[in-house]
Amino acid sequence: MREISETDIRDSFVNCSKGEAKRLGLPRDLAERPWEDLDFLGWRDPGAPDRAYLVAEREDGGLLGLSLRAVSAGAARGFTARSLCSLCLTTHVRGDVVLMSARRTGEAGRQGNTVGQYLCADLACSLYLRGMKESAAGRGFEESLGLEGKVARMRDNLDAFLRMVTA
């Protein structure tokens, strides 16, 4: 992913108002992000832990940003309980996968319709795929797919999620 500015990030959001996009909390470490290793920019709002944001590059070079809500998991699950991120397929334990919902765009969103996906709680899918960050569950399952294939699969999963929100 190319490095993007604060203005580009705020202008990219499609499922919230311009006022909400202007007020959202950006990551404090934006300049230090490993841009060349990111397939999308994702972060939790430092001032509102139930809010998360995701900005992805589209094929035409434009940006598409989504405002997300992290659904609280309720009672903590045991250490042996494992969950799988629907984007990167990383296995996590102890609530490190969270159901995140995104308000749909257009009339459907104005009526309150949302789309949900189970995502890495820290939205660091790109780093888990590349081995730059490791889940508390360990390495996960072995697969014959190489890094390029895993990245392509995650991008396909991300594109499918973005299409559900914007359709």
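Placed above this text is the structure.
Residues numbered from 1 in each chain as written. Predicted model: local features only at pLDDT ≥ 70, side-chain atom pairs only at ≥ 80, totals over all residues. Heavy atoms only, no water.

Visitor: Please provide a residue-by-residue account of the pairing of strand β3 (residues 63-70), values included.
Guide: Burial analysis of β3 places six of its eight residues in the buried class, which makes it a mostly covered element. Linking two consecutive strands that pair antiparallel, namely strand β2 (residues 48-57) and β3, is a turn of five residues; a positive phi of about 90° is found at Gly61 within it. Across three bridges, β3 lies against strand β6 (residues 97-103) in antiparallel orientation. Looking across to β6, one finds that Arg69 is bridged to Ser101. (Buried < 20%, exposed > 50% of the residue type's maximum accessible area, 1.4 Å probe, protein only. Helix = DSSP H or I, 4+ residues; strand = E, 2+ residues; numbered from the N terminus. Pairing = 2+ DSSP bridges.)

Visitor: Lay out the packing of aromatic side chains in plain terms, naming residues and giving numbers.
Guide: Per the counting criterion, the structure on display carries two aromatic pairs. Pairing Phe13 with Tyr53 gives two aromatic rings, centres 5.8 Å apart and planes at 85°, and the pair type is edge-to-face. With Phe13 in the loop between α1 (6-11) and α2 (18-23) and Tyr53 in strand β2, the pair connects residues that are 40 residues apart, well separated along the chain. Just as Phe13 is buried, Tyr53 falls in that class too. Arranged with centres 5.3 Å apart and planes meeting at 40°, the rings of Trp43 and Tyr53 form a pair that is tilted. Of this pair, Trp43 sits in strand β1 (residues 40-45) while Tyr53 sits in strand β2, and the two are 10 residues apart along the sequence. Given the relative accessible area of 3%, Trp43 is considered buried. Classification of Tyr53 by relative accessible area gives buried; the value is 3%. (Phe/Tyr/Trp six-rings, centres within 6.5 Å; stacked < 30°, edge-to-face > 60°.)

Visitor: So, the pairing of β2: which residues are in play, and what are the values?
Guide: One ladder, built from six bridges, connects β1 with β2; its direction is antiparallel. Looking across to β2, one finds that Asp45 is bridged to Ala48. As paired elements, β2 and β3 share seven bridges and run antiparallel to each other. Following the sheet pairing, Leu54 is matched in β3 by Leu66.

These values are about where atoms sit, not about what they do.
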